[in-house]
Structures are given as C-alpha cells and as structure tokens.
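# Descriptive structure summary
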Amino acid sequence: MFENLSERLGGVFDRLTKQGALSEDDIKTALREVRVALLEADVSLPVARDFIKAIADKAAGQSVTKSITPGQQVVKIVHDELVHVLAGDNDNAGELKIDNAPAPILMVGLQGSGKTTTTAKLAKRLKEKNGKRVLMASLDVQRPAAQEQLAVLGTQIGVDTLPIVKGQSAVDIAKRAKQQATMGGYDVYMLDTAGRLHIDEVLMDEVQSVRDIANPRETLLVVDGLTGQDAVNVAEEFDNKVGVSGVVLTRMDGDGRGGAALSMRAVTGKPIKFVGLGEKMDALEEFHPERVAGRILGMGDIVSLVEKAQETIEAEQAERMMRRFQKGQFNMNDLKQQLEQMLKMGGMEGIMGMMPGMGKMKKQVEDAGFDDSILKRQIALIQSMTKRERANPKLLQASRKKRIAKGAGLEVSELNKLMKMHRQMADMMKKMGKMGKGGMLKKAMGGMFGKGGHGMAGELQNMDPKAMEAAAKQMGGKLPGLGGGALPPGLSGFGKKK
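Quick summary incoming for the structure in this document. Small disclaimer: the values here were computed from a predicted structure and weren't measured.

## As for the pattern of salt bridges
- Tallying each qualifying case throughout the model produces 18 salt bridges.
- Between K166 and E148 there is a salt bridge, and its shortest N-O distance comes to 2.9 Å. Separated by 18 residues along the polypeptide, K166 in the loop between β3 (160–161) and α8 (170–183) and E148 in helix α7 (residues 146–157) bring together distant segments of the chain.
- Residue classification places K166 among the exposed residues on the basis of a relative accessible area of 61%.

This is the structure in structure tokens:
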C-alpha cells in the first residue's frame, strides 16, 4: 500500500544521509520533497502541512545541523513524527474493550467496505488469540444473502452465528443477539450492520437504534483503504452521527496510495485498530504505528517478522532443527522445511518487506524472477526424491536427477540450481554451528522461544533500526534461525521460468 510513498521518501533520505553536513537549505529542500511525496500519496493537505511544520520546527534546532550524522537525525525526526500522526497520543490504541461479558462490538461502514469479512476475521482473532467465546449476528437485511454469508464464514472459522429468522428488522435481530449472548454465556457478541452506497438518513437511523439497544463497548468503522480522501469524510460523518471508537482499514494490501491511512488518525482523532491485508481469514493485523512508520521509511519491521515466525514454527521443531544445524547437518528435508516455512510466513515478498534495508532489493528480486512459484517448484523437486536421497543428497547422480526432474515435471537444470542452493546453505549452517554454544544460531533460536515467547521480539523492539539495517547488510540479507528466514544465497541464479 505504501510502496510509492516509501520509494519517494527513500530517495529523499538517501540524498540526505550521503551528505556530511547539512545546511538549512538542504533540510528545506528535503522537506519540500517530503511534502510533495505526501500529497501524491493522497494525504490530506492540512495533515501534510502540519506534518512538515512539526518536522521543520524540530529540524531547525541546532541538534540536527551540528549532529554527527545530520541526515540520519532528520530521518529519525520524520520517523517519530510519522508515528505521532499514525498513533496520536493514545499509547494502547489497538486494544479492544471486551470486559464485562457479553461485550457488544458494533461494526459499521458503507456497502462494499468489507464489514462482513472483517467481522469474521476479528471473531477468529478474538477466539484464537484472546480465548474468547464469540457470537456473530448479521443485521444486514438489505443485501441479498448477507446473513447467509456471515453464517458460512462462521462455519469456516468455527464461530457461532445467530440463527437466521426471515423478515426480522435489524433492531429485532440486535435484541435477539443480546439475549442469546447473555443466555449462552458468550464473552463477546458482534453485530454486523447493513451498509449503503453512501451515507443517508435511513442508514444512520438504523445504526443509531441498534447502537441504543446494544450499547456497544466498541463501535468499529470499517473503511476501504482504496477510497482515498473520501474515507476520512465517511469516518467523520459516522463519528458525528453514531460515535466511532476505532477504525479498521481494509484492502491495505492493494495498490492504492495509502494516504487515507495517514490522514485518518490526524483528521478524525480515532485510532486505527486493525488493518485487513487480504481475503484470507487470518489476514487481519493489529495496527502498530511505529512498525508501519518503519516500513514506510524502509527501516523494515523485524518485530512483526519474528512474531510471524513464532506463530508458524513449533518450538520443539525449532529445537530439533537447531541441534541438527549445530552438528553441521542440513539435508534436503531441512531445506524443504525451510522453504515451506517461507511460504507460511507470507512468501518471499512478505519476508523481504519486513527486513531492514531489504525493501530496496525487492525490485531486483522481482526482476530476477524469484517469486513464490519458485519455492513451490523447489518443494516439488524435493518431494519427488526418495527418503534416502533426501537424507543424503550426495547420492544424486545423472540418472537419479533425470528421474526426479521428470517426477516434478521440471528440467534437470532446475534441480541443479536447487542442489547448489542446498550446498551453499549447508556450508552456512556448518559455519554457524561452529560458532560454539554462544553462536548466532543458538542465540536466534533461543531468544525466539525464550520465556513467554517474547524473548527476541522484545529485544528487537528496543534495537536501533540503523543497527538492525547494518546487521542485515553484514549478513548479506540472511536471517539465520528464523526457520526459513534465511535468504537463499544463490538468488541471482533463478531466472524466470522459460
């Protein structure tokens, strides 16, 4: 979503950080470019103006021009201000008030913004991450099959939905949901209201009467991230008429310009609590302003990467992997595990977007034709080997290679590339294993599954982004021990499939 803005700002800051000393004119020129970048990204004019003014005030201080690394100092000021624009003054904006059960959550928004899907995603999140019993109810009697859609999603994610009774009004359904949630011992009940194509009196009256009955703990406004500046107007309207406690931005994985997200918090004063990043039921993330700011400025988002890895790697499996790697053992089964891990964590692009200093390499990787289909082809090649061949890749001679490639429907040259990559990774694992018990590998794995599972994520949060970027460059873009986070060294060898 923020790619264009990211590229523009990246260019501005690259020029700044390359210069030794900065004059006030340098800073002015840079800020002018930052302003243009913000406006092009569809950030509203007053927000862009305030943003630049706040940075100019801070950058005008002696500290920047006399600082040892003035360019980086400016980047830091922009980063902090970006966090402030996205977060406001509320520290824990992402937390939902779901105390004193059954806590009602009211979902409002225009038609087509993704309310029903978001309701289900949020219900799944509350059930799995917060251990809550959730009941969903669709109050949308306007759109054909809207209630059935929520029921189908409920079955998919294993969350109860209120039985559909034809002919009931939205207010009747809200009363029934409240009653059932109380009697059924649910912790949370979610009301998915109807939308319209635009804001009108009928819609507002309906939502207001539902609000009066449910008296929700949270009223979440679902806004399509692709609607640009109009999203901000919609938010203001809903807030004036109904009262909104937080915003969920959907389609943040799209190629819109992302300015609405930056303006939303500043104009409405309402926190962005979650962002929808795709169609799948787990594609909903908490909105962390400092992490988003880091991604926009190309500083990466290691904490999210570690959290993703923690969710997808089983601790025991990681321990077992580490013991093997320390002995310098790394066969095709291990490689397959790593490749599958990468796919689970959002594929190549997802991982690279979160790594400091890697945003700029994304383009080169795309040009080299290295995408997720390559990972799938490599897994197919490994699956077409026998158990013995996987455990001992040295057995692979010409006739075996032909058989394996044929089994996977690929060329022998692809298998050769895979074997080369395996050799390079095995060498790397051996070197890392030899680093002794306090080695990098042990630290990475140990920290990741430290007490409470917050070990590494916590430490990384406190690390300086520049230090992380330097570390990433030093390691050549490899993140050992993140179960698949290691970037295969032979990247350039993968051309687009003919």
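## Overview of the packing of aromatic side chains
- Applying the stated rule across the entire model yields zero aromatic pairs.
- R133 extends its terminal NZ or CZ atom over the ring of Y186, reaching a point 4.3 Å from the ring centre.

## Examining helix α15 (residues 332–344)
- The end-to-end C-alpha distance of α15 is 18 Å, a good match for the 18 Å that 13 residues give at a rise of 1.5 Å each.
- Those residues of α15 that fall on the buried side of the exposure criterion are M332, D334, L335, K336, Q338, L339, Q341 and M342.
- One or two residues past the end of α15 sits G346, with phi positive at roughly 105°.

## A closer look at the pairing of strand β6 (residues 246–250)
- In terms of burial, β6 is a largely internal element, five of the five residues being buried.
- Neither face of β6 is left uncovered, since the one carrying G246, V248 and T250 and the one carrying V247 and L249 both have all their residues buried.
- Examined bridge by bridge, strand β5 (residues 218–224) and β6 share five bridges and lie parallel to one another. The residue bridging L220 from the neighbouring strand is G246, located in β6.
- For the crossover that starts at β5, traverses helix α10 (residues 230–241) and ends in the parallel β6, the hand is right-handed.
- Sheet topology places β6 next to strand β7 (residues 272–276); three bridges connect them, and they run parallel. Bridging from a neighbouring strand, V247 pairs with I272 of β7.

Conventions and cut-offs
- Residues numbered from 1 in each chain as written.
- Predicted model: local features only at pLDDT ≥ 70, side-chain atom pairs only at ≥ 80, totals over all residues.
- Heavy atoms only, no water.
- Salt bridge = Lys/Arg side-chain N within 4 Å of Asp/Glu carboxyl O.
- Helix = DSSP H or I, 4+ residues; strand = E, 2+ residues; numbered from the N terminus.
- Buried < 20%, exposed > 50% of the residue type's maximum accessible area, 1.4 Å probe, protein only.
- Phe/Tyr/Trp six-rings, centres within 6.5 Å; stacked < 30°, edge-to-face > 60°.
- Lys NZ or Arg CZ within 6 Å of the ring centre and 35° of its normal.
- Expected span 1.5 Å × (residues − 1).
- Pairing = 2+ DSSP bridges.
- Right-handed = clockwise from strand over helix to strand, strands pointing away.

On their own, these measurements won't tell you what the molecule is for.
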